[in-house]
Amino acid sequence: MRVLVTGGAGYIGSHTTVELLGQGHQVLVLDDLSNSSEESLRRVAELAGRPADFVQANVGDAAELDAAFTSFRPDAVIHFAGRKAVGESTRLPLLYYRENVAATVTLLETMAAHGCHQIVFSSSATVYGSASEPPFTEDAPTGATNPYGHTKHMIEQILADAAAADPSLSVAVLRYFNPIGAHESGRIGEDPKGIPNNLLPFVAQVAAGRRTGLQVFGNDYPTPDGTGLRDYIHVVDVAQGHLAALARLADGAGCQTWNLGTGRPFSVLEVISAYEAASGVRIPYQIVDRRPGDVAASYADVSKAGRELDWTAHRSLEQACADTVRWQAANPDGYAQ
Ligand code: WQD
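All residue numbers refer to position in the chain's written sequence, counted from 1. Whole-chain, interface and lining totals are the exception, using all residues; otherwise, since this is a predicted model, local features are given only for residues with pLDDT of at least 70 and side-chain atom pairs are given and counted only at 80 or more. The side-chain values count all of the structure's non-hydrogen atoms but skip hydrogen atoms and water molecules.

Asks: What's the story with the site of the ligand in this structure? I'm lost.
Replies: When we say a residue is near a molecule or strand, we mean one of its heavy atoms is within 4 Å of it. In the vicinity of the ligand lie 19 residues, with Ser124, Leu199, Gln215, Arg230 and Asp294 positioned nearest. Under the rule applied, a polar contact is a pair of N or O atoms within 3.5 Å (in protein, one hydrogen donor and one hydrogen acceptor; residues adjacent in sequence only if both atoms are side-chain atoms). Between an oxygen atom of the ligand and a side-chain N or O atom of Asn198, the distance comes to 2.9 Å. Within the side chain of Asp294, an N or O atom sits 2.6 Å from an oxygen atom of the ligand. Each accessible area is a Shrake-Rupley result for a 1.4 Å probe, and residues are judged covered by the shown protein chains and nothing else. Contact with the protein chains removes 88% of the 700 Å² of surface that the ligand exposes when unbound. Think of it this way: any DSSP run of H or I at least four residues long counts as a helix, any run of E at least two long counts as a strand, and we number them from the N terminus. Per element, the largest residue contribution to the shell around the ligand is four residues, and it comes from strand E8 (residues 214-217). Note that Gly is not counted as nonpolar here; it falls among the polar residues with everything else outside the nonpolar set of Ala, Val, Leu, Ile, Met, Phe, Trp, Tyr, Cys and Pro and the charged set of Asp, Glu, Lys and Arg. Of the residues belonging to the shell around the ligand, the class tally is eight nonpolar, seven polar and four charged.

As structure tokens, this is what we get:
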């Protein structure tokens with residue numbers, strides 16, 4: 001197939017593009033490089049043995065998008081592009097509504113104008129909020145507690161409404177839990193700009209000596225060791241989940257949602273121990289107050305994707321830590337040359 005991957009130079013986008021190329025698909029990556037590096041695409045080409053096409057553009061730029069569709073003629077879109085920092089979204093909500101929600105409407109309008117009827121959307125377990133208790137099934141009540149989560153929730157609604165109005169439109173909504181790890185080659189991985197918001201990249205930078213210590217956001221949660229429980233899923237499992245969803249889109253129209261998780265939660269302290277074992281480095285940490293907006297526990301019921309996509313996560317937390325150690329050691333400054 002001819003697949004347009006928005007945000008394809010990013011963390012999950014680059015790992016998915018390797019899998020797409022490996023399966024023989026033609027890929028055009030459209031990315032504005034605001035939170036990614038073109039170097040990742042050079043490495044993707046190295047790993048896949050052939051390159052994806054690339055256009056530097058913002059997915060909300062209707063003229064650029066139209067030109068890309070005219071020249072590449074995609075059969076399907078995988079839509080990763082968007083801003084994803086919870087804290088930033090609270091400070092700059094309009095930026096998030098423009099770059100996540102409005103840009104997705106522009107993308108859907110361009111797809112319709114060019115007869116492209118298949119889209120896989122990068123959603124997030126954050127839409128489950130604190131409306132119900134885990135393990136979350138796809139029909140669990142949803143809600144969001146911050147503008148970033150609101151944008152994901154709104155886009156899911158937009159996609160459902162668009163699919164209801166256009167019987168030719170086929171939509172896969174993928175709710176990621178906590179993607180971690182890196183390609184086993186150590187050539188591509190997570191390269192956050194500035195201070196990492198997320199646990200694993202922060203721990204990785206502590207182990208590499210780039211940060212002095214980790215702050216653990218609360219140990220007074222109603223969990224076995226008091227720290228937050230999350231469903232950490234290897235990024236290559238997430239990438240392969242996208243290919244499984246893409247294959248499913250060809251089977252028929254409508255809007256379907258699947259969790260991409262492992263179903264097995266780990267606590268912050270368990271993650272620290274796993275990373276110490278993988279790296280051989282002690283991770284100094286101190287317990288501080290809870291982070292506003294955090295929930296105690298978030299993990300997936302993964303049976304629907306197993307049943308309908310014939311997909312399950314295979315890689316362990318230990319493997320994800322080992323792959324991150326390899327990526328971090330080979331690329332102490334990420335993709336910066
Ligand atoms: C994991 C656990 C923290 C950092 C968010 C978004 C989600 C997705 C992934 C984009 C929690 C604890 C963390 C630290 C800590 N984002 N923690 N010290 O919050 O589950 O999910 O990122 O796609 O949509 O909601 O991930 O990695 O930030 O936190 O103690 O320095 O680690 O409290 O329990 P989160 P996270």
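Right, picking up where we left off after that structure.
Asks: Help me out: how do you make sense of the packing of helix H5 (residues 93-113) against helix H6 (residues 147-165) in this one?
Replies: Where helices are involved, their axes are fitted lines through C-alpha atoms of the stretch in contact, as for all axes, and angles between N-to-C directions lie from 0 to 180°. In contact at an axis separation of 9 Å, H5 and H6 are set at 20 degrees when each is read in the N-to-C sense. When the axis of H5 is compared with that of H6, the two are roughly parallel. Handedness of the crossing formed by H5 with H6: right-handed. Facing Pro93, Tyr96, Tyr97, Asn100, Val101, Thr104, Val105 and Leu108 of H5, the residues of H6 in contact are Pro147, Tyr148, His150, Thr151, Met154, Ile155, Ile158 and Leu159. Taken together, the residues of the contact of H5 with H6 sort by class into 12 nonpolar, four polar and no charged. When describing relative orientation, an angle under 35 degrees is termed roughly parallel and one over 145 degrees roughly antiparallel, while 65 to 115 degrees is termed roughly perpendicular and anything else oblique. Handedness of a helix crossing follows the sense of rotation of the near helix relative to the far helix, less than a right angle counterclockwise being left-handed and clockwise being right-handed. Throughout, a contact is declared for two residues whenever any of their heavy atoms are within 4.5 Å.

Asks: Got a minute to help me understand the nonpolar core in this structure?
Replies: Nonpolar side chains tend toward joint burial in soluble globular proteins. If you look at the biggest cluster of nonpolar residues, it comprises 39 residues, and the most contacted ones within it are Leu20 and Val120. At the level of elements, strand E1 (2-6), helix H1 (11-22), strand E2 (26-31), helix H2 (38-48), strand E4 (76-79), strand E6 (170-176), helix H8 (235-249) and strand E11 (254-260) are the ones that each hand at least two residues to this core. Looking at this core, the element that brings in the most residues is H8, giving eight residues. Setting aside residues up to four positions removed in sequence, Leu20 forms contacts with Val3, Val5, His25, Val27, Arg50, Ile78, Leu243 and Leu246. Within this scheme, the nonpolar core is defined by two criteria: the residues are buried Ala, Val, Leu, Ile, Met, Phe, Trp, Tyr or Cys, and they are joined through side-chain atoms within 4.5 Å. Relative accessibility under 20% of the residue-type maximum defines a buried residue, over 50% an exposed one, and the middle range a partly exposed one, all with a 1.4 Å probe and only protein chains included.

Asks: Would you mind showing me how to read the pairing of E2 here?
Replies: Among the six residues in E2, five count as buried, and that is most of the element. When DSSP finds at least two bridges between two strands, those strands are taken to pair. Note: E1 against E2, five bridges, orientation parallel. Residue pairing across strands places Leu4 opposite Leu28, the latter belonging to E2. Looking down the strands as they point away from the viewer, one classifies a crossover as right-handed if the path from the first strand across the helix to the second runs clockwise. Crossover E1 to E2 through H1 is right-handed. Examined bridge by bridge, E2 and strand E3 (residues 53-56) share four bridges and lie parallel to one another. Residue pairing in the sheet places Leu28 in a bridge with Asp53 of E3. As for the winding sense of the linkage, the β-α-β connection from E2 through H2 to E3 is right-handed.

Asks: Please explain the environment of Asp32 as it appears in this structure.
Replies: Within the secondary structure, Asp32 is located in the loop between E2 and H2. Judged by relative accessible area, Asp32 falls into the partly exposed class, the value being 26%. Considered as a pair, Asp32 and Asn197 are 165 residues apart in the sequence and their alpha carbons are 21 Å apart. Those residues in contact with Asp32, other than ones at most four positions away along the chain, are Gln56, Ala57 and Asn58.

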